[in-house]
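Architecture and fold: a report
Each chain is listed here by its residues.
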Amino acid sequence: MATNLQGLNGRLAFAIAAAALGSAFQHGYNIGVVNSPGELIRTWINDSHYNRTGEALSSPAVTLIWSWAVSVFCIGGIIGGSLTGILAERMGRKGALLFNNVFAIIGGLLEAFTKTANSYEMLIAGRLFIGINCGLNGGLAPMYLSEISPVHLRGAVGTVYQLVVTISILVSQILGMESLLGTPTLWPILLGLTIVPAAYQLIALPFCPESPKYTLLNKGKEIESQRALTWLRGTLEVHDEMDEMRAEFEAMKLVPKTTLKEMLTNPSLRAPMNIAVMMMLAQQLSGINAVMYFSTDIFMSAGLTAETSQYATLGMGGMNVLMTVVSLAIIEKAGRKTLMLIGLVGMMFDVILLTVCLALKDVATWLAYFSIVLIIVYVVFFATGPGSIPWFLVTELFNSSARPMATAIAVTVNWVANFIVGLGFLPIQELLGPYVFIIFAVFLAFFSWFTWKKVPETKNKTIEEISAMFRQQSY
């Protein structure tokens, strides 16, 4: 590892922490935070409606309001994701990240005071704002991270985003336990805590420079770009990297500005765009969110008590963090494609076994416990590759002029898929029972084939080399 970490210094680490902790933390925290206090909030929705109208809501009506509160987060994500390109171009990567905290603060305040105001509409609005924030983060943060990191650390630094997501999911699960903030009086604080990472980023990120690539390639300010790069590298020896960026700058002048039409019609852009979109779909349609959102339910249907299943969910979150750390350590050696394939194929076999176990769990008790092991192994495979790689692979497949547009498309697709899985999983599960996971197995088989056939290895290649590869393929 020692040789690999060349180029990682205090300042770069500070910039990575300022960008990732303030953004990825929101993303993971708000995915996980609704898992534990779900029942409490449902009861409160009914009470608050009764207090206002004198009528109780029917159980399906409460479920509908609650599922809106959960899934409106994804609608926000879709809106945020589709704005990524525009904001990254207009305000810069750093500027857009800073501006984005406005949405997090509005959302956090709405959620924190939803109970005081006795209004579940505030909860839904708060989740929408937080969703917009997370949608933008999912595009902006990996873009900033990949543009400030040296080539040989790009994969590892890109994985930091997903690492922080997994840590924050775990934090939200721990804080949501009944012994901490998962109580009838404290859950609004649990939701409102999402303001903390926003405040942290507003304090820390202004000390970091704008992405040197953006400064040179979009603004044409060479001296400022060199100054930023010198700050990030902690050395004056940045001539080689500046030369690479200048070459990219010259190459960009020759190609027109990338538009949506260009993305869909130009073969040298369409091929990497297909890959980026497929990897985002592979991440969501692998069923990970179904497992995450409904982990406690799955454990209880496997025969655990409510309290034990909370601890099992925590174990799952801990495993997710641990494996993302492992993935971060080995990604520059093993490569993106290998880890992605190991993850997808492993998940496919795991899901098939899980279906068998859940279907036969009444026959033998040990099968219920074995299915818990399988869910944790499933998370391990997810964290190996499909968890982190799609986020930064998009930024690796495109040059600076196409990157914002490509990121916006890929991130939006990710959120749309997330939304569909979130809405569709429960109704389909009621229909198919344990066989619901077969659907994910089919998707995983397809994405494994696609990764094996179509996805190139990008480790240690400059953006120019990767773009050249697609240009050759398209002729």
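Shown above is the structure to which this text applies.
Keep in mind the model is a prediction, meaning the values are calculated, not measured.

1. Some remarks on the overall build of the protein
Each helix and strand counted, the protein has 22 helices and zero strands in total. The C-alpha atoms of the protein give 22 Å as radius of gyration, which agrees with the globular expectation for 475 residues (23 Å, within 12%). Here the protein holds 475 residues, and 56% of them are scored as buried. For the protein, the proportion of contacts with a sequence separation of at least 24, taken over those separated by at least 6, is 81%. Positive and negative side-chain charges of the protein, numbering 29 and 29 respectively, have mean locations separated by a distance of 7 Å.

2. Remarks on empty space enclosed by the protein
Scanning the model with the defined rule gives two cavities of 30 Å³ or more in all. Along the wall of the largest cavity there are 17 residues; nearest its centre are I31, Q162, V165, N289 and F382. At the level of elements, helix 1 (10–32), helix 6 (154–175), helix 13 (267–285), helix 14 (288–293) and helix 20 (403–432) are the ones that each hand at least two residues to the lining of the largest cavity. Examining the composition of the lining of the largest cavity, we find that four residues originate from one element, helix 6, more than from any other. Residue classes in the lining of the largest cavity are distributed as seven nonpolar, ten polar and no charged.

3. Description of the packing of helix 2 (residues 38–53) against helix 3 (residues 59–91)
At their nearest, the axes of helix 2 and helix 3 sit 10 Å apart, and the two run at 120 degrees to each other. Relative to helix 3, the element helix 2 is oriented oblique. Here the hand of the crossing between helix 2 and helix 3 comes out right-handed. Where helix 2 abuts helix 3, its residues G38, I41, R42, I45 and N46 lie against V62, I65 and W66.

Rules used in this analysis
Residues numbered from 1 in each chain as written. Predicted model: local features only at pLDDT ≥ 70, side-chain atom pairs only at ≥ 80, totals over all residues. Heavy atoms only, no water. Helix = DSSP H or I, 4+ residues; strand = E, 2+ residues; numbered from the N terminus. Rg over C-alpha atoms; globule rule 2.2 N^0.38 Å. Buried < 20%, exposed > 50% of the residue type's maximum accessible area, 1.4 Å probe, protein only. Contact = heavy atoms within 4.5 Å. Lys, Arg positive; Asp, Glu negative; His and termini not counted. Charge placed at Lys NZ, Arg CZ, Asp CG, Glu CD. 1 Å grid on protein atoms, 1.4 Å probe; cavity = no way out; pocket = protein on both sides within 12 Å on 5 of 7 lines; lining within 4 Å. Points joined across faces, edges and corners; volume = space filled by probe spheres on them. Nonpolar A, V, L, I, M, F, W, Y, C, P; charged D, E, K, R; others polar. Axes fitted to C-alpha atoms, helices over the stretch in contact; angles between N-to-C directions. Parallel < 35°, antiparallel > 145°, perpendicular 65-115°, else oblique. Left-handed = near helix turned anticlockwise from the far one by under 90°.

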